[in-house]
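Per-entry structural report
Spelled out, the chains give:
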Amino acid sequence: MATENYLRRFSRTERALHWVHAAAFFVLLGSGLALYLPSLSEAVSRRPLVKAIHIDTALAWVAALTLIVVVGDRSGVRRTLRELDLFDADDRRWLKGRRAPQGRFNAGQKLNAALTAAFAVLFSVSGFLLWYGERDTRFRFASTLLLHDGLMYVSLVLLVGHLYLALIHPKTRHALRGMTLGTVELDWALTHHRKWAEPRSSAAVSDASEASSGD
Ligand code: HEM
Ligand code: HEM
């Protein structure tokens, strides 16, 4: 019987951050759309309740992400941020559509991570101003709502691409195993993330649970 070899790809902290972020994002998107689209706001007639869900989820989102970083593997998160921040010649070649070996994250994923983080900050700042502007009109700007809505449109496009690669595209959907169980097959990792996988291939183990142990 052929046995697969597995490499540990995402720590528990990274997976918790991803899924808390994703869950909060979907609730914010759903409640935001219910506030935004006239047809939906008519169907969901309880606007104050939807607004409260939107704002409470936003607070819970920021609090939960902070808590995970505080109690989780902080040095691991710092290492991941450094990996995401590094853009080398291979990344630039990859973005131009040429073949180039990639690290743990390919250049597209690095851009997606940077945009996701930047959008989270911009959503929070514009959302806070929308909330505070109702209490102090000096902080009410017409452009705040435009920014908040514009971010939603761009996020939707990014999300559709992200979900296609994570759930549908046959060559990339194995990544879902990494984001759920923490491990991926060594062969898949060598094909898609060679610069990361090759130096670690001797650490690959046939028992996936062993590979996923640790934070
Ligand atoms: C920290 C994050 C966020 C905060 C504090 C926040 C806050 C707010 C506030 C205060 C409003 C105004 C509600 C009203 O008066 O009707 C609002 C509206 C809205 N939010 Fe957010 N929000 C956040 C994140 C998000 C995210 C991630 C999305 C979508 C992916 C989103 C989509 C929307 C939409 C579509 C509206 C309706 C805007 C309109 O009526 O034109 N928000 N948000
Ligand atoms: C059901 C929903 C989702 C699924 C199935 C999913 C799946 C995944 C998977 C499998 C990865 C790992 C890719 C790899 O191996 O490198 C990943 C990474 C990531 N996800 Fe998600 N995700 C979802 C929702 C979201 C949402 C809503 C956001 C942000 C708004 C998001 C942002 C990210 C980011 C920034 C990364 C790291 C960079 C990248 O791989 O592009 N994800 N996701």
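Residues numbered from 1 in each chain as written. Chains lettered and ligands numbered in written order. Predicted model: local features only at pLDDT ≥ 70, side-chain atom pairs only at ≥ 80, totals over all residues. Heavy atoms only, no water.

1. Some remarks on the site of ligand 2
Selection rule: We call a residue near a molecule or strand when any one of its heavy atoms sits within 4 Å of it. What qualifies as a polar contact is a pair of N or O atoms within 3.5 Å, subject to a donor-acceptor requirement within protein and to the restriction that residues adjacent in sequence count only when both atoms come from side chains. Comment: elements are numbered from the N terminus, with helices defined as DSSP H or I runs of at least four residues and strands as E runs of at least two. Ten residues, namely Ala, Val, Leu, Ile, Met, Phe, Trp, Tyr, Cys and Pro, are considered nonpolar, four, namely Asp, Glu, Lys and Arg, are considered charged, and the remaining ones, Gly among them, are considered polar.
For ligand 2, the set of nearby residues contains 20 residues, the closest of which are Arg9, His18, Gln109, Asn112 and His162. One of the side-chain nitrogen or oxygen atoms of Gln109 is found 2.8 Å away from an oxygen atom of ligand 2. Put simply, the parts of the chain that give the shell around ligand 2 at least two residues each are helix H1 (12-36), helix H6 (107-133), helix H7 (142-168) and helix H8 (175-180). With 6 residues, the single largest contributor to the shell around ligand 2 is H1. Among the residues forming the shell around ligand 2, the class breakdown is 13 nonpolar, 6 polar and 1 charged.

2. Quick word on the packing of aromatic side chains
Describing an aromatic ring pair means giving the distance of the ring centres and the angle of the ring planes. Note the following rule: Here a pair means two rings of Phe, Tyr or Trp (six-membered ring of Trp) with centres within 6.5 Å. Their orientation is stacked below 30 degrees between planes, edge-to-face above 60, and tilted elsewhere. Only protein chains enter the accessibility calculation, which uses a 1.4 Å probe; a residue whose area is less than 20% of its type maximum is buried, one above 50% is exposed, and one in between is partly exposed. Note on criteria: charge over ring means Lys NZ or Arg CZ within 6 Å of the ring centre, with the direction from the centre no more than 35 degrees off the ring normal.
For the coordinates displayed, the defined rule picks out 7 aromatic pairs. For the ring pair Phe25 and Phe26, a centre distance of 6.4 Å and an interplane angle of 80° mean the geometry is edge-to-face. Relative to Tyr132, the ring of Trp131 lies with its centre 6.2 Å away and its plane at 35°, an arrangement referred to as tilted. By relative accessible area, Trp131 is classed as partly exposed at 34%. Judged by relative accessible area, Tyr132 falls into the partly exposed class, the value being 30%. The lysine or arginine in question, Arg9, covers the ring of Trp196, its NZ or CZ lying 5.1 Å from the ring centre. A cation sits over an aromatic face here: Lys110 above Phe87, 5.8 Å from the ring centre.

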